[in-house]
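Examination of the molecular architecture
Now for the letters of each chain:
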Amino acid sequence: KALRSKMLYIAIVIGLLFWAMDVMETREKLKVFDESLQWAVDSGLRVCTGHEGYSLFFLWSGLAPQTKGANLFYTVWPVLAAMSYGWSYCDERRSGVYNQIAARTSAKCYYISKYIAVFISGGLAVAVPVLLGLLANAMFVPYALVLQGLGVVSNNNFLSELYYTAPGHTG
């Protein structure tokens, strides 16, 4: 029932709208950066090669929200995660299904099954937009190494040892 909930899909769509805002803002930032870099090259100024610090590792808002869209998403994600559960619980109370379930099983069993459904549907409502936002940003944000200490990846972050020991290694 949790995966067929209309509210779950509405929550995912709302999350995707916020990430679409993030992708558009990130794309605009990258366009401005590329234009300023091209102007510097055309002017004969010495510039660094590549996009050090301006890469997918640095710009993805899953690490640190830097756009209005990502900030909005991180403000409302608890509501998005709870939408499908709230709709399901309210619907069961209104229709009387809750009374039927409560009469046939224990309250503990009912709430454990509801908590499992909340965990799965809430996780999907948050994770699907975040991962699709990452994939959308990866379409145009360059893959470039981030200089240590410049970006949001620091020594104490998750998997930072892997990143700093072999950042460009794919094999």
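Refer to the structure above for everything that follows.
The structure contained in this document is the topic of the report that follows. This is a predicted model, so every value here is computed, not measured.

1. What to know about the packing of helix H1 (residues 6–42) against helix H5 (residues 107–138)
Running from N to C, H1 and H5 cross one another at 25°; their axes reach a closest spacing of 9 Å. Regarding the angle of H1 to H5, the classification is roughly parallel. You can see that H1 and H5 cross each other, and the crossing is right-handed. Every residue of H5 that contacts H1 at Leu-8, Ala-11, Ile-12, Gly-15, Leu-16, Trp-19, Asp-22, Val-23 and Thr-26 is listed here: Ser-121, Leu-124, Ala-125, Val-128, Pro-129, Val-130, Leu-132, Gly-133, Ala-136 and Asn-137. Taken together, the residues of the contact of H1 with H5 sort by class into 13 nonpolar, five polar and one charged.

2. Re the side chain of Asn-137
Assignment of secondary structure puts Asn-137 in helix H5. The class for Asn-137 is buried, based on a relative accessible area of 1%.

The rules behind the values
Residues numbered from 1 in each chain as written. Predicted model: local features only at pLDDT ≥ 70, side-chain atom pairs only at ≥ 80, totals over all residues. Heavy atoms only, no water. Axes fitted to C-alpha atoms, helices over the stretch in contact; angles between N-to-C directions. Helix = DSSP H or I, 4+ residues; strand = E, 2+ residues; numbered from the N terminus. Parallel < 35°, antiparallel > 145°, perpendicular 65-115°, else oblique. Left-handed = near helix turned anticlockwise from the far one by under 90°. Contact = heavy atoms within 4.5 Å. Nonpolar A, V, L, I, M, F, W, Y, C, P; charged D, E, K, R; others polar. Buried < 20%, exposed > 50% of the residue type's maximum accessible area, 1.4 Å probe, protein only.

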